[in-house]
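Listed below, chain by chain, are the residues.
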Amino acid sequence: MKASTCAIALAITSHFASAFVSPSTFVPIKDVGRSVSSLSKQLYATIDVDEESPRDTDSMEEWSYSYGIGRADGIQLVGENVDGFLDVHIETAQDLPAGTSVMYIPNEVILSSNRAIAEFGRLEEAENLLQANGVENEMREFYLMVKILVELEKGEESPYYHYFNGLPRFFANGPSMTPFCYRCIPPYAAKLCQKERAKLNHVAFGCKSRVQFLSEKTRGDSLLWEWAFQIVYTRSFEAPDGSGDLCLYPIGDMFNHATEANAAYVYDEAGNCYIQTTTDVAAGGALTMTYSDPTNPSYLLARYGFLDESSPASFCKLGVDWHISDELINMGYSTSTLLFYKDTGEVSEQVWDVLLYRYLGEEDAGRQQEFYQAHMSGDYETKQSYHECYYEQTREKLLEHIDDILGELDGLSQKSAYGGAVAGDDHPRLPLILRHNDFVRATFMAVRSYYFPGEPYEEETGSFSLSSRNAFFT
């Protein structure tokens, strides 16, 4: 470690020594399917980002203490096998009351998009290209990604080398998926996954040649750019100070997602980051944060590459191929409001409103406008009278939509079964995709059972045929 970086660690250690512990508390990782026996002190001259490469979590943890990252007593990094790959998350070995500071990350260690811009200056050629490709909102992610690449070029001379070498290589989100994967997920989820893939193409691959201070080798290394992209898009969070800064919090990025999170980032006046509990957490519990809207598990799959089975509800998939007008939005059309509730089988009020609005548009445009105006003016009695009058028709539209989605899922199950049997080892993301599809199916079946208890669903069992095996897997 260089003297300058040691000085940073020593200068801040006294600030938190009384509140945080520094001995290693990493829970040993056992029986993880892919090369876990090679998780050791061995380091590489450069970081191998191939998805089969092991993560050096031991050195990462030692590095974190050297650089002043503190953890409260009982806070542990825990590894587990998820579909044959190592996942690391945070747990507590003791009871924690709400408001407990469980981790401290010095300001100097945080990787920041604002600092990257200050360090490199504005990369106008790259920014113009991002704007031309319609991804100008991804500027922060782009600069943070470039910062990672600059540090990777330094190899072991980078102060972040051991942190990066402990991060995942395997991802199961939209940008990582193959055409086969897209064929195995429902249209809405596939659309989200392909949107994330488009970001990879524009933000990373499209700008590779526009960062002239990177070496020619780095500019041409698509695998390295993709890995840097994945780290930024799956592990960075907006700073909690209102600055709009996008940050990577080393070790503080190991908190998994949950619908009901129990931890959050906070800053002190010096810009140091603390992770604090927001609820009481019992010993043995995982410490979690909420990454995004928990009622849209398909987005979480597309962006982050996991399934949130704790989600209480899911977007009902209405209107995936509709033109979404302003009136539809005013009626309540949104992925966060058109919900099917997994546990009860009920649907949100907005689902009924949108279904009836669409039905009236097909049958009587005048009555559609009357219903719309009642909704907009808050005339509950008139609006309710429409729902009562057209309940059976709206209910029929709901059943039609449910059965359409279930039929799609039946077909996808056949495709997935075929692909898994023929080339399962070549598609390690397939188990997650199947869990996602099962989750969607269970949610839709719950709604069907609640509103249509006397109408059994007949699963489609038609044979799945392919004109060409290559056409399916490419």
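Quick caveat, the model's predicted, so the values are computed rather than measured.

Peer 1: Just to check I follow, could you spell out the sheet that holds strand 4 (residues 101-105) for this structure?
Peer 2: Each strand in a sheet pairs with another by means of backbone hydrogen bonds, the pair being arranged parallel or else antiparallel. The strand order 1-4-10-9 describes an open sheet built from 4 strands, whose pairing is antiparallel. On the outer flanks of this sheet lie strand 1 (70-71) and strand 9 (263-267), each paired with one strand and no other. As paired elements, strand 9 and strand 10 (residues 273-277) share 5 bridges and run antiparallel to each other. Residue pairing for strand 10: Ala264 is matched across the bridge by Gln276.

Peer 1: Would you take a moment to explain the environment of Gly411 for this structure?
Peer 2: For Gly411, the position within the fold is in helix 16 (residues 391-423). Judged by its relative accessible area of 24%, Gly411 falls in the partly exposed class. Counting along the chain gives 227 residues from Gly411 to Cys184, while the straight-line C-alpha distance between them is 8.8 Å.

Peer 1: Explain helix 14 (residues 365-377) to me, please; I cannot follow it from the model alone.
Peer 2: One full turn of an α-helix is made of 3.6 residues, so residues set three or four places apart face in the same direction. In this model, helix 14 (13 residues) spans 18 Å end to end at C-alpha, consistent with the 18 Å of a helix rising 1.5 Å per residue. Residues of helix 14 that are buried include every one of Gln368, Phe371, Tyr372, Ala374 and His375, and no others. Across the axial projection of helix 14, the buried residues extend over an arc of 160°, all falling on one side. Residues of helix 14 that are buried in the fold lie against helix 12 (326-330), helix 13 (349-363) and helix 15 (380-389). The backbone nitrogen of Gly366 has a side-chain oxygen 3.0 Å away, supplied by the residue at the start of helix 14, namely Asp364.

Peer 1: Hey, could you run me through a negative patch on the surface in this one?
Peer 2: Taken together, the side chains of Glu396, Glu400, Asp404 and Glu408 make up a negatively charged region of the molecular surface. Mapped onto the elements of the fold, Glu396 is located in helix 16.

Peer 1: Got a minute to help me understand the environment of Glu408 in this structure?
Peer 2: With respect to the element layout, Glu408 can be found in helix 16. A relative accessible area of 34% means that Glu408 is categorised as partly exposed. For Glu408 and Pro186, which are 222 residues apart along the polypeptide, the C-alpha to C-alpha distance reads 6.9 Å.

Peer 1: Looking at this structure, how should I read the state of the cysteines?
Peer 2: As used here, a disulfide is simply a covalent bond connecting the sulfur atoms of two cysteines. Applying the stated criterion across every chain yields a total of 0 disulfides. Considering cysteine sulfurs only, Cys181 is the nearest to Cys184, which forms no disulfide, with 6.9 Å between them. Not part of a disulfide, Cys273 finds its nearest cysteine sulfur in Cys247, a span of 8.3 Å. With relative accessibility at 0%, the residue Cys273 sits in the buried group.

Peer 1: Is there a simple way to think about the pairing of strand 4 in this case?
Peer 2: Where a strand is regular, its side chains alternate between the two sheet faces. The element strand 4 is extensively covered by neighbouring structure, given that 4 of its 5 residues are classed as buried. Relative to strand 4, strand 1 is paired through 2 bridges, and the arrangement is antiparallel. Each residue of the ladder has a partner; that of Arg71, found in strand 4, is Met103. By the bridge criterion, 4 bridges tie strand 4 to strand 10 in an arrangement that is antiparallel. Each residue of the ladder has a partner; that of Met103, found in strand 10, is Ile275.

Peer 1: Would you take a moment to explain the nonpolar core for this structure?
Peer 2: Residues Phe142, Met145, Phe164 and Ile275 are the most contacted members of the largest nonpolar core, which totals 76 residues. Among the elements that make up this core, the one with the highest residue count is helix 5 (residues 139-153) (10 residues). Setting aside chain neighbours within four positions, we find Met145 in contact with Val203, Ala204, Trp225, Ala228, Phe229 and Val232. Ala172, Tyr386, Ile402 and Phe444 belong to the second-largest nonpolar core, a separate cluster that totals 55 residues.

What counts as what
- Residues numbered from 1 in each chain as written.
- Predicted model: local features only at pLDDT ≥ 70, side-chain atom pairs only at ≥ 80, totals over all residues.
- Heavy atoms only, no water.
- Pairing = 2+ DSSP bridges.
- Helix = DSSP H or I, 4+ residues; strand = E, 2+ residues; numbered from the N terminus.
- Buried < 20%, exposed > 50% of the residue type's maximum accessible area, 1.4 Å probe, protein only.
- Expected span 1.5 Å × (residues − 1).
- Arc of directions from axis to C-beta.
- Contact = heavy atoms within 4.5 Å.
- Polar contact = N/O pair within 3.5 Å; in protein donor to acceptor, adjacent residues only side chain to side chain.
- Patch = residues over 30% accessible without salt bridge, like charges linked within 9 Å, V, L, I, M, F, W, Y side chains within 5 Å.
- Areas by Shrake-Rupley, 256 points an atom, 1.4 Å probe, with all protein chains shown as cover.
- Salt bridge = Lys/Arg side-chain N within 4 Å of Asp/Glu carboxyl O.
- Lys, Arg positive; Asp, Glu negative; His and termini not counted.
- Charge placed at Lys NZ, Arg CZ, Asp CG, Glu CD.
- Disulfide = S-S within 2.5 Å.
- Core = buried A, V, L, I, M, F, W, Y, C linked by side-chain atoms within 4.5 Å.

Without other data, these values stay purely geometric and don't point to any function.
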